[in-house]
Amino acid sequence: MTALTNPTAARDHARAKAGTAVEAMPVLPPVASDLPDGVPADDLLWEETIAAGGYATRRLPRGARLRLIDLKGDACASLLIFNAELPTERLNVADTVKVQWNAYLGAGKLLLSDMGRVLMSFVEDGAGTHDAFCGTSNAATNAAKYGNGANSGPTPSGRDRFLLGVAKHGLQRRDVHPCVNLFKGVRIEADGAIVPQLGPFAQARSLVLRAEMNVIVVIANCPHVLDPREDWTVTPLRATAWRGPVTPADDTIRTATPEGLRAFENVEDYFRR
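This one's a predicted model, so the numbers in the text were calculated from it and none came from an experiment.

About the criteria used
Residues numbered from 1 in each chain as written. Predicted model: local features only at pLDDT ≥ 70, side-chain atom pairs only at ≥ 80, totals over all residues. Heavy atoms only, no water. Helix = DSSP H or I, 4+ residues; strand = E, 2+ residues; numbered from the N terminus. Rg over C-alpha atoms; globule rule 2.2 N^0.38 Å. Contact = heavy atoms within 4.5 Å. Areas by Shrake-Rupley, 256 points an atom, 1.4 Å probe, with all protein chains shown as cover. Lys, Arg positive; Asp, Glu negative; His and termini not counted. Charge placed at Lys NZ, Arg CZ, Asp CG, Glu CD. Buried < 20%, exposed > 50% of the residue type's maximum accessible area, 1.4 Å probe, protein only. Salt bridge = Lys/Arg side-chain N within 4 Å of Asp/Glu carboxyl O. Core = buried A, V, L, I, M, F, W, Y, C linked by side-chain atoms within 4.5 Å. Phe/Tyr/Trp six-rings, centres within 6.5 Å; stacked < 30°, edge-to-face > 60°. Lys NZ or Arg CZ within 6 Å of the ring centre and 35° of its normal.

## Some words on the overall build of the protein chain
The number of helices and strands found in the protein chain is five helices and 13 strands. Computed over its C-alpha atoms, the radius of gyration of the protein chain comes to 19 Å, within 12% of the 19 Å expected for a compact globule of 273 residues. Principal axes of the C-alpha set define a box for the protein chain whose edges measure 70 × 50 × 35 Å. Long-range contacts, defined here as pairs at least 24 residues apart, represent 74% of the contacts in the protein chain between residues at least 6 apart. Surface exposure of the protein chain reaches about 13,000 Å², of which carbon and sulfur atoms provide 54%. Of note, the protein chain has its 30 positive side-chain charges centred 5 Å away from the centre of its 31 negative side-chain charges.

Structure representation (structure tokens):
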């Protein structure tokens, strides 16, 4: 008998699933056994494993740390960032590259907004393969490559997963801006050729980002748009976030370059208002 003809049976079946744990899901309340030394359990904000083809989103306060772990060596964390208080301010990949005179992301690098402020910074990077050039896949690219690009199909795209993520914050299609890809990289040769660095890599590579403003992060875990494999292939990604102190005036990332210092000063000016 189906749920339509026996809703009581459907209710009982659903309730019987209470307490079921699967590999990819948020942990509520968040619990993690591997927080860095000195971080109390009460400061944990977010613990979630993002499925292959999944997405996740969270609002993080200024000073929070976000650790991402590529659990099996084949995740692709496509990342959008918004100013949580005014989401029209968001990650600007072109300015992130231009202002820092460097297109390769990693430890000490900044993720800048379209208002000249630092949204997040890389405080640790154990991966070294990231991408600020290619953006993410969409339904058309996936349909052409895999035969199916539908969000409800077996090979969803990064852009459509972003649409689901931003919708949870009242945002829509026009708010899905160019992203950066973490754990999957590209290099640009002298002749302009794009050379993918897509792995798969060693398991459990990780990075830590620091929120320099109150931010909304949206993560899509879908294959890189340049992945040469015929099969749609990606593996789970772990996200952990905890509260942390606001960046101090003498922080080495803040003071590393004149351009970066100015971007941090723009943040500080914003919070004086």
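## A short note on the environment of Ala 56
Structurally, Ala 56 is set in strand S2 (residues 55-60). A relative accessible area of 3% means that Ala 56 is categorised as buried. Considered as a pair, Ala 56 and Val 166 are 110 residues apart in the sequence and their alpha carbons are 9.6 Å apart. Setting aside chain neighbours within four positions, we find Ala 56 in contact with Trp 46, Glu 48, Ile 50, Val 217, Val 218 and Ile 219.

## Observations concerning the pattern of salt bridges
In this structure the tally under the stated criterion is 15 salt bridges. A salt bridge links Glu 47 to Arg 238; the shortest N-O distance between them is 2.7 Å. Of this pair, Glu 47 sits in strand S1 (residues 44-50) while Arg 238 sits in strand S13 (residues 237-242), and the two are 191 residues apart along the sequence. Both residues of the pair, Glu 47 and Arg 238, belong to the buried class. A salt bridge links Glu 89 to Arg 117; its shortest N-O distance comes to 3.0 Å. Separated by 28 residues along the polypeptide, Glu 89 in the loop between strand S4 (77-83) and helix H2 (93-99) and Arg 117 in the loop between strand S5 (110-112) and strand S6 (118-125) bring together distant segments of the chain. One exposure class covers both Glu 89 and Arg 117, and it is buried. Within the structure, one salt-bridge network assembled from shared partners comprises Asp 34, Glu 47, Arg 67 and Arg 238.

## Quick notes on the nonpolar core
By size, the foremost hydrophobic cluster in this structure holds 42 residues, and its most contacted members are Trp 46, Leu 68, Leu 111, Met 120 and Leu 182. Excluding anything up to four places from it in sequence, Leu 182 contacts Leu 68, Ala 75, Cys 76, Ala 77, Leu 79, Phe 122, Thr 129, His 130, Leu 207 and Leu 209. Counting twelve residues, the second largest nonpolar core, distinct from the first, contains Val 176, Cys 179, Ile 216 and Ala 220.

## A word on the packing of aromatic side chains
Centre distance and the angle of the planes are the two values used to describe a pair of aromatic rings. This structure, assessed with the given rule, holds two aromatic pairs. Arranged with centres 5.2 Å apart and planes meeting at 80°, the rings of Tyr 270 and Phe 271 form a pair that is edge-to-face. Judged by its relative accessible area of 14%, Tyr 270 is buried. Directly above the ring of Phe 271 sits Arg 62, whose terminal nitrogen or CZ lies 4.2 Å from the centroid. In this arrangement the basic side chain of Arg 205 is found over the ring face of Phe 201, its NZ or CZ atom lying 3.9 Å from the centre.

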